[in-house]
Every structure is written in C-alpha cells, then in structure tokens.
Amino acid sequence: MEVVILPTTAARAGLAAAAITDLLRRKPSAVLGLATGSSPLPVYDALVDAHQAGQVSFAAARAFTLDEYVGLPAGHPEAYRQVIDRELVGRVDFADGAVHGPNGDTDDVPAACGQYEQAIAAAGGVDLQLLGIGTDGHLAFNEPGSSLASRTRVKTLTAQTRQDNARFFDRVDDVPHHVITQGLGTISEARHLVLLASGAAKAAAVAAMVEGPVSASCPASVLQLHPHVTVLLDPEAAGLL
Ligand code: GLP
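Everything numeric in this text was worked out from a predicted model, so none of it was measured.

Looking at the pairing of strand β6 (residues 128–131)
At step 1: By the alternation rule, side chains of β6 split into Leu128 and Leu130 and Gln129 and Leu131, which are all buried.
At step 2: Relative to β6, strand β2 (residues 31–34) runs parallel, the two sharing two bridges. By the bridge assignment, Leu32 is partnered in β6 with Leu128.
At step 3: Sheet topology places β6 next to strand β9 (residues 192–197); four bridges connect them, and they run parallel. In the sheet register, Gln129 faces β9, and the bridge partner there is Leu193.

Observations concerning the sheet that holds strand β4 (residues 67–69)
At step 1: Ordered by their spatial adjacency, three strands build an open sheet running β4-β8-β7, and the pairing between neighbours is antiparallel. In the strand order of this sheet, the two ends are held by β4 and β7 (153–156), each with one partner. In this sheet, adjacent strand axes meet at a mean angle of 30° when their direction is disregarded.
At step 2: Here β7 pairs with strand β8 (residues 178–181) via four bridges, running antiparallel. Across the sheet, Arg153 pairs through a bridge with Thr181, a residue of β8.

Considering the nonpolar core
At step 1: Of all hydrophobic cores here, the largest spans 68 residues; its most connected members are Ala16, Ile133, Leu195, Val206 and Met209.
At step 2: Of all the elements, helix α7 (residues 203–211) adds the most residues to this core, at six residues.
At step 3: Contacts of Leu195, omitting those with residues within four sequence positions, involve Leu131, Gly132, Ile133, Leu223 and Val231.

Quick look at the environment of Ile84
At step 1: Counting through the fold element by element, Ile84 comes out in helix α3 (residues 80–87).
At step 2: Overall, Ile84 belongs to the buried group, with 22 C-beta atoms counted inside 10 Å.
At step 3: Spatially, the C-alpha atoms of Ile84 and Thr65 are 8.0 Å apart, while their sequence positions differ by 19 residues.
At step 4: Apart from the residues within four sequence positions on either side, Ile84 is in contact with Leu34, Thr36, Thr65, Val89, Val99 and Gly101.

Some details on the UniProt feature "active site" (unreviewed entry) in the protein
At step 1: The sites that carry the UniProt feature "active site" (unreviewed entry) are, in the present numbering, Asp67, Asp136, His138 and Glu143.
At step 2: Its 22 C-beta neighbours within 10 Å are what place Asp67 among the buried residues.
At step 3: With respect to the element layout, His138 can be found in the loop between β6 and β7.
At step 4: Excluding residues that lie within four positions of it along the chain, His138 makes contacts with Glu143, Pro144, Thr161 and Pro219.

Reading the values: rules and limits
- Residues numbered from 1 in each chain as written.
- Predicted model: local features only at pLDDT ≥ 70, side-chain atom pairs only at ≥ 80, totals over all residues.
- Buried ≥ 20, exposed ≤ 12 C-beta atoms within 10 Å, placed from the backbone.
- Helix = DSSP H or I, 4+ residues; strand = E, 2+ residues; numbered from the N terminus.
- Pairing = 2+ DSSP bridges.
- Axes fitted to C-alpha atoms, helices over the stretch in contact; angles between N-to-C directions.
- Core = buried A, V, L, I, M, F, W, Y, C linked by C-beta atoms within 7 Å.
- Contact = placed C-beta atoms within 7 Å.
- UniProt positions renumbered as here; feature names shortened; annotations may be inferred.

So this is what it looks like as structure tokens:
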C-alpha cells in the first residue's frame, strides 16, 4: 500500500486523475470504477479539465459505480447514478450505455445484485477503482461487520452513515435505510485501488485501515491484502498514522 500525504486538494486530485488518464492512454477501453461521496469530486473536475484540454478521451472506456440506494426512483437527484452522471459522465465523452450502476429501483434486489456481478465480470473486471472511506471505515456501503469476501448485495445502513449522508437530503429521515453495494471481495478484484480521504473526521478510520488489524470491524482494512493500492490523504486524515 502506497500512502501519499499531500496538503492541497488539487495535488491529491491531480495524482488520482493522472492515474486514470495514464491508464486510458495505455488502454483506451479500460474499465473504471467510479465512486460517489464528496472525496472523488475534485478528481472528476480534474478529469473534465483534462478532457476539455484534449488530453484524454473516455469514448472507448466503460465504468461501473460502487453502490446505490434502494428505493429511490431512478431519476432522483441523489440516486448515485444521477450523481455520477452529473459529476462526470455527462461532462465527458463516454459512449451511451458504457456506464453502469446497480439497479436500486427494482422489486428483485437479489437478481439485480447477481446481474451486476455478471456485468462487471463480462467487462473483464475493473482496471482502476476510485474509493472514499466512511467515518466508520466503510468502503462503498460495506458497513462494519461486512465479510471481507462479500459480493454485491443489499445492506442496511448504520445510523452513523445515514447521519453522515443526511447533508445530501432535506432530512435524515429521507436517507434510505437500504442500499446495494459491491462487496469487499468484488472491490478487491479491481486491479488498482485509489482511495482518497481528507479531514480529521476520517483520521481514525484511515489509521484503522492502514495500521489496524485486517478485520471486518474496519471494512477498509481489506485494502492491506491488495497488491496495488494508492491512498491519497491530507495531513488531517493522516493525523493518527
Ligand atoms: C458514502 C459512499 C462511500 C463514500 C463515503 C464517504 O457512504 N457510499 O462510497 O466513500 O460516503 O463519503 P465522503 O467522500 O463524502 O466523505
């Protein structure tokens, strides 16, 4: 695991964006793993800038998102698929149908989870997965207690995560209780994992991820088992290392 501590958002986002643009130049048909939350947003802005400068194209690439709320109608502005479209996909040149997310607006969630696993496998797996980390150490929506070998499935959010994500909704009561998330085993199959974290609120989770025991109590600690991980931190998030 490579841990890089950089004070500016631009520097962290620039490194993550460079990993993606380098990959796309080497392999234009690369499969990207996209994440929601606020941490990746500066990376998406940097990718849009690079695209507008003619430095990178997504035209042959494909992408899969990590997770989705269950029960939000597909067009809801906080449905993660809408967020990704708004923040990246609609601002660059992905081909129609190249970006996929779990379907949380369905009567058959287990079938949707299985179909998502099959779609990722059929694409040849994810080349580079962007990640954030929850204050409780969750990856995607794999809350503490998640099996390190887990696959895409439905999860129930903790009260802490619903509170953390309430800022995107009018009221905490509007945050769905259930989600579909790629499992820790699914995420671990991506060939390069790039995790971003900033702020003192993430320091304990980051320390547990990097230096703690590998344990379902800190789902992000599964990254210690992966051969190619880049962790991009600000000094505050690195404060307990
Ligand atoms: C949500 C997402 C995670 C993300 C986390 C942290 O729970 N499902 O993928 O890592 O939020 O978000 P932020 O980057 O906004 O702190």
